[in-house]
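In case you want the letters, here they are:
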Amino acid sequence: MTTPSIGQMLDATVPMAHTLKLEYLETTPERAVLRLPDQPAYHNHVGGPHAGAMFTLAESASGCIVLAAFGDQLSRAVPLAVNAEIAYKKLAMGDVTATAVLGRAAAEVVAELDAGGRPEFPVTVEITRADGAVTGVMTVTWTLRPNS
């Protein structure tokens, strides 16, 4: 039996992400990079990706890095998004890419979980166009809720 990739895990557990046909370019504990292909069905009134699609892209990238960094903790804790904030900076057109990074060392988060806490940690996501321009920035605060 082969272990599913992070992208396959996200698609299976979060059908909304699968609906957008997100492409999983990199999913490591250090960085997650996902692309939303240009799809007219998800355009807004100016012909670019809809804000809701970009939100889902960025939140999905944050979820991928959480799964990659803390997948070995899933038997004892459930990752949950606590809150999310997004700022749309420039007009997005065409394919857009979201790059997520942890805002706290994974070992520090696990140590807090080991000590009986419910750690919270931020994930920052940059959304860029093909020309490299940053079109949006999202911060998602996640927690690892202990199973008990």
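In what follows, the accompanying structure is described. All figures in this text were calculated on a predicted structure; none of them were measured in a lab.

1. Points about the pairing of strand S4 (residues 96-102)
In terms of residue burial, S4 counts as a mostly covered element, since five of its seven residues are buried. As paired elements, strand S2 (residues 32-36) and S4 share five bridges and run antiparallel to each other. In the sheet register, Val-33 faces S4, and the bridge partner there is Thr-99. Here S4 runs beside strand S5 (residues 120-129); their pairing, made up of seven bridges, is antiparallel. By the bridge assignment for S5, Thr-99 is matched with Glu-126.

2. Looking at the pairing of strand S6 (residues 134-146)
Both strand S3 (residues 77-88) and S6 contribute to a ladder of 11 bridges, which runs antiparallel. Looking at the pairing, Pro-79 lines up with Leu-144 of S6. Counting the residues in the hairpin turn of S5 and S6 gives four residues, including Gly-132, whose phi is positive at 90°.

3. As for the sheet that holds S4
Taken together, the six strands give an open sheet; going across it, the order is S1-S2-S4-S5-S6-S3, and neighbouring strands pair in antiparallel fashion. Looking along the sheet, the strands with just one partner apiece sit at the ends: strand S1 (23-27) and S3. Each strand axis lies, on average, 20° off the axis of its neighbour in the sheet, ignoring direction. Contacts from helix H3 (residues 51-70) reach S1, S2, S3, S4, S5 and S6, with the element oriented near 35° to S4. Its contacts with the sheet place helix H4 (residues 106-114) against S3, S4, S5 and S6, and it is angled at close to 30° to S6.

4. With respect to H4
Taken together, the buried positions of H4 are occupied by Val-109, Val-110 and Leu-113. Axial view of H4: buried residues confined to an arc of 95°, hence all on one face. In H4, the exposed positions angled more than 90 degrees off the buried face are occupied by Ala-107 and Asp-114. In this structure, the buried side of H4 is in contact with H3, S3, S5 and S6. Once H4 finishes, Gly-116 follows within two positions and takes phi at roughly 95°, a positive value.

5. Concerning the pattern of salt bridges
Following the criterion strictly, the structure yields six salt bridges and no others. The salt bridge involving Arg-129 is made with Asp-131; its shortest N-O contact spans 3.0 Å. A network of salt bridges, in which partner residues are shared, links Arg-104, Glu-108 and Glu-112.

6. Structural notes on the side chain of Gln-39
Take Gln-39: it is sitting in the loop between S2 and H3. Within the local environment of Gln-39, its side chain forms a polar contact with the backbone oxygen of Leu-20, the two atoms lying 2.8 Å apart. Not counting the four nearest positions on each side in its chain, Gln-39 is found in contact with Leu-20 and Lys-21.

7. Describing helix H1 (residues 6-13)
Among the residues of H1, Ile-6, Gly-7 and Leu-10 are the ones counted as buried. Angular distribution of buried residues about the axis of H1 spans 100°; they occupy a single face of the element. Against helix H2 (15-19), S1 and H3 lie the buried residues of H1.

What counts, and where the lines are drawn
Residues numbered from 1 in each chain as written. Predicted model: local features only at pLDDT ≥ 70, side-chain atom pairs only at ≥ 80, totals over all residues. Heavy atoms only, no water. Buried < 20%, exposed > 50% of the residue type's maximum accessible area, 1.4 Å probe, protein only. Helix = DSSP H or I, 4+ residues; strand = E, 2+ residues; numbered from the N terminus. Pairing = 2+ DSSP bridges. Axes fitted to C-alpha atoms, helices over the stretch in contact; angles between N-to-C directions. Contact = heavy atoms within 4.5 Å. Arc of directions from axis to C-beta. Salt bridge = Lys/Arg side-chain N within 4 Å of Asp/Glu carboxyl O. Polar contact = N/O pair within 3.5 Å; in protein donor to acceptor, adjacent residues only side chain to side chain.

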